[in-house]
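# Close look at the chain arrangement
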Amino acid sequence: MSENKPSQTDGVRLQTVLDLLNISAYKLAKLSGVTPAALYHIGSGNNKLSDSLIEKIVRRFDQVSYSYLKAGAGEPILQTDAEKRRQHSMFL
């Protein structure tokens, strides 16, 4: 299931990641160094996921896919260490 899901909103992609990590938006915000309000605004559709916010999330949770949060590409959670290393090298 590595297809693009362009019909998903930023809020839906964020909620999918929250569900898979089994954490609340509040906890994700605190662990990622962003305000809870920023995530709630995305969830409600008022704001979009910015590149810097996505980067903060994937730096804290290396199993979360940057490509999925950014554009709905691929799976939301990276399955292999090779995928995690490849993604990590994007931010060096």
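With their axes 8 Å apart at the nearest point, helix 2 (residues 25-32) and helix 3 (residues 36-43) run at an angle of 130° to one another. Considered as vectors, helix 2 and helix 3 are oriented oblique to each other. Here the hand of the crossing between helix 2 and helix 3 comes out right-handed. Residues A25, Y26, L28, A29 and K30 of helix 2 lie in contact with helix 3, whose contacting residues are P36, L39 and Y40.

Our focus in this paragraph is the confidence of the model for the protein. Note: predicted coordinates in regions of low pLDDT should not be interpreted at a detailed level. Considering every residue of the protein, the mean pLDDT works out to 91; 92% of them sit at 70 or more. Confidence, read as mean pLDDT per element, is least for helix 6 (residues 81-89) in the protein (91) and greatest for helix 1 (residues 10-21) (97).

A rise of 1.5 Å per residue sets the reference length of helix 1, with its twelve residues, at 16 Å; its end C-alpha atoms lie 17 Å apart and thus fit the reference within 8%. Within the sequence span of helix 1, burial applies to D10, G11, R13, L14, V17, L18 and L21. Angular distribution of buried residues about the axis of helix 1 spans 165°; they occupy a single face of the element. Residues of helix 1 that are buried in the fold lie against helix 2, helix 3, helix 4 (51-60) and helix 5 (66-71).

About the cut-offs
- Residues numbered from 1 in each chain as written.
- Predicted model: local features only at pLDDT ≥ 70, side-chain atom pairs only at ≥ 80, totals over all residues.
- Heavy atoms only, no water.
- Axes fitted to C-alpha atoms, helices over the stretch in contact; angles between N-to-C directions.
- Helix = DSSP H or I, 4+ residues; strand = E, 2+ residues; numbered from the N terminus.
- Parallel < 35°, antiparallel > 145°, perpendicular 65-115°, else oblique.
- Left-handed = near helix turned anticlockwise from the far one by under 90°.
- Contact = heavy atoms within 4.5 Å.
- pLDDT = per-residue confidence, 0-100.
- Expected span 1.5 Å × (residues − 1).
- Buried < 20%, exposed > 50% of the residue type's maximum accessible area, 1.4 Å probe, protein only.
- Arc of directions from axis to C-beta.

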